[in-house]
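Observations on the model geometry
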Amino acid sequence: MAALAPRQIQNTLELTIVFIYAGARDRKEARLMAVPKRRKSRANTRSRRARWTASAPELVPIVVNGERMLVPRRLVRHFHREEGR
């Protein structure tokens, strides 16, 4: 990226936008990111992370090669595609 002259950057907002656009291939691909106004405390961050839990995937029964199996719903298409081979 070429160095910018001081008169081209008048405030930090423009500087931020320039750096966000620098990583993108074109202006349409570049998006402005949400930036928090102030820092969250360590206690709030850790309590939020402690409450998060992964949920078990929803299992559905399918028949593959004459055998009944329970697989996650998002993998059903994969198993049906493999049957045809």
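Now for a look at the structure at hand.

Scoring rules and cut-offs
- Residues numbered from 1 in each chain as written.
- Predicted model: local features only at pLDDT ≥ 70, side-chain atom pairs only at ≥ 80, totals over all residues.
- Heavy atoms only, no water.
- Helix = DSSP H or I, 4+ residues; strand = E, 2+ residues; numbered from the N terminus.
- Buried < 20%, exposed > 50% of the residue type's maximum accessible area, 1.4 Å probe, protein only.
- Contact = heavy atoms within 4.5 Å.
- Areas by Shrake-Rupley, 256 points an atom, 1.4 Å probe, with all protein chains shown as cover.
- Core = buried A, V, L, I, M, F, W, Y, C linked by side-chain atoms within 4.5 Å.
- Polar contact = N/O pair within 3.5 Å; in protein donor to acceptor, adjacent residues only side chain to side chain.
- Salt bridge = Lys/Arg side-chain N within 4 Å of Asp/Glu carboxyl O.

Each helix and strand in the chain was counted, giving three helices and two strands. Reading the secondary structure of the chain in the N-to-C direction produces α-α-β-β-α. A total of 85 residues make up the chain; the buried ones form 11% of that total. For the chain, restricting intrachain contacts to residue pairs at least 6 apart in sequence, the fraction spanning at least 24 positions comes to 0%. When the accessible surface of the chain is totalled, it reaches about 8,600 Å², and 53% of it is carbon and sulfur.

It is worth spelling out the nonpolar core at this point. Within the largest apolar cluster, five residues are counted, these being Val60, Ile62, Val64, Val71 and Val76. In terms of residue count, strand 1 (residues 59-64) provides more of this core than any other element does, three residues in total.

The subject of this paragraph is the side chain of Thr45. Mapped onto the secondary structure, Thr45 falls in helix 2 (residues 42-51). Of the polar contacts made by the side chain of Thr45, one reaches the backbone oxygen of Ser41; its length is 3.0 Å.

One non-glycine residue, Asn65, lies in positive phi territory at about 55°. The topology assignment puts Asn65 in the loop between strand 1 and strand 2 (67-72).

Where charged atoms of side chains with opposite charge meet at close range, the side chains can pair. Inspection of every chain in the model, using the stated rule, returns one salt bridge. Here Glu58 and Arg73 are joined by a salt bridge, their closest N and O atoms 2.9 Å apart. Here the residue Glu58 occupies a position in the loop between helix 2 and strand 1, and Arg73 occupies one in the loop between strand 2 and helix 3 (76-83), the gap between them amounting to 15 residues.

The next subject is the environment of Pro57. Note on placement: Pro57 falls in the loop between helix 2 and strand 1. Classification of Pro57 by relative accessible area gives exposed; the value is 53%.

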